[in-house]
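One-letter residues, chain by chain:
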Amino acid sequence: MKNNHTPKKLYIITGGPGAGKTTLLNELNNNGFTTVPEDGRRIIKEQMDLKGEGLPWVNKKMFAELMFEASAKNYQAMIEIPNLSPVFFDRGILDTIGYLKLENLSIPKNMEVTAREMVYNKNVFILPPWKDIYENDLERKQTWEEAMQTFDCMVETYLKYDYNIIEVPKIAVAERVRFILHAINNFVN
């Protein structure tokens, strides 16, 4: 049975690609917190291994559907845990909606409905673009300009769904962890 207080313990860490989200989540995990990794990278790796079409550079709509399904599944898994401690997600359900918007693709009604039903803590942590740490790899093919556009789109998307945006400063990862923990300890829920 779902605990109505659980969403208050589900924290999103979002932003554009290459802003340090995964490094931050790894550090939170090293500090004993439950973390949920980004689904996009896993999906890209799986689709590449399968020679599938659900890749952002092959079939953006299919990729978005796979991301959305995985995010909803991760949300449901966390919300069912009794006496849940804070959980940090590397992106959330709304990131898929932001991605669709960024790619000028239509947002299916079911995604809109699910995004309004599956809520996280209303305070969302966003990492700004940080050129000094940005790099491409096999799964991250976005340009620096696309990373900045993604950041702007995530801000706009989360605000549209009535979330509060808290920008995490461009500081060392241990300091970012302290910033986030200080913030969540001072939230009035």
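Heads up: these notes are all about the structure in this document. Given the structure is predicted, the values throughout are model-derived calculations rather than measurements.

When you go through the protein residue by residue, the secondary structure sums to 7 helices and 5 strands. Start at the N end of the protein and walk to the C end: the helices and strands fall as β-α-β-α-α-β-α-α-β-α-β-α. Of all 189 residues assigned to the protein, the portion counted as buried reaches 47%. For the protein, restricting intrachain contacts to residue pairs at least 6 apart in sequence, the fraction spanning at least 24 positions comes to 75%. Taken as a whole, the protein presents about 10,000 Å² of accessible surface, with 52% of it coming from carbon and sulfur.

In this section: unusual backbone geometry. Residue R91 is not a glycine yet carries a positive backbone phi of 80°. Summarising the element assignment, R91 is placed in the loop between β3 (87-90) and α4 (93-102). Take R91: its relative accessible area is 15%, and that puts it in the buried class. Of note in the backbone geometry, D162 takes a positive phi value of approximately 65° without being a glycine. Within the secondary structure layout, D162 lies in the loop between α6 (144-160) and β5 (164-167).

Read from one edge of the open sheet, 5 strands run β2-β3-β1-β4-β5, paired in parallel fashion. Edge strands, defined here as strands with exactly one partner in the open sheet, are β2 (34-36) and β5. Averaged over all pairs of adjacent strands, the angle between strand axes in this sheet comes to 30°, irrespective of strand direction. Relative to strand β4 (residues 123-127), strand β1 (residues 10-15) runs parallel, the two sharing 3 bridges. In the strand pairing of β4, G15 is matched with L127.

Put simply, helix α1 (residues 21-30) and helix α7 (residues 173-186) touch, their axes get as near as 9 Å, and they point 70° apart. Between α1 and α7, the angle falls in the class roughly perpendicular. Along its contact with α1, which presents T23, L24, E27 and L28, the element α7 presents V173, R176, V177, I180 and L181. Looking at side-chain class alone, the contact of α1 with α7 contains 6 nonpolar, 1 polar and 2 charged residues.

What counts, and where the lines are drawn
- Residues numbered from 1 in each chain as written.
- Predicted model: local features only at pLDDT ≥ 70, side-chain atom pairs only at ≥ 80, totals over all residues.
- Heavy atoms only, no water.
- Helix = DSSP H or I, 4+ residues; strand = E, 2+ residues; numbered from the N terminus.
- Buried < 20%, exposed > 50% of the residue type's maximum accessible area, 1.4 Å probe, protein only.
- Contact = heavy atoms within 4.5 Å.
- Areas by Shrake-Rupley, 256 points an atom, 1.4 Å probe, with all protein chains shown as cover.
- Pairing = 2+ DSSP bridges.
- Axes fitted to C-alpha atoms, helices over the stretch in contact; angles between N-to-C directions.
- Parallel < 35°, antiparallel > 145°, perpendicular 65-115°, else oblique.
- Nonpolar A, V, L, I, M, F, W, Y, C, P; charged D, E, K, R; others polar.

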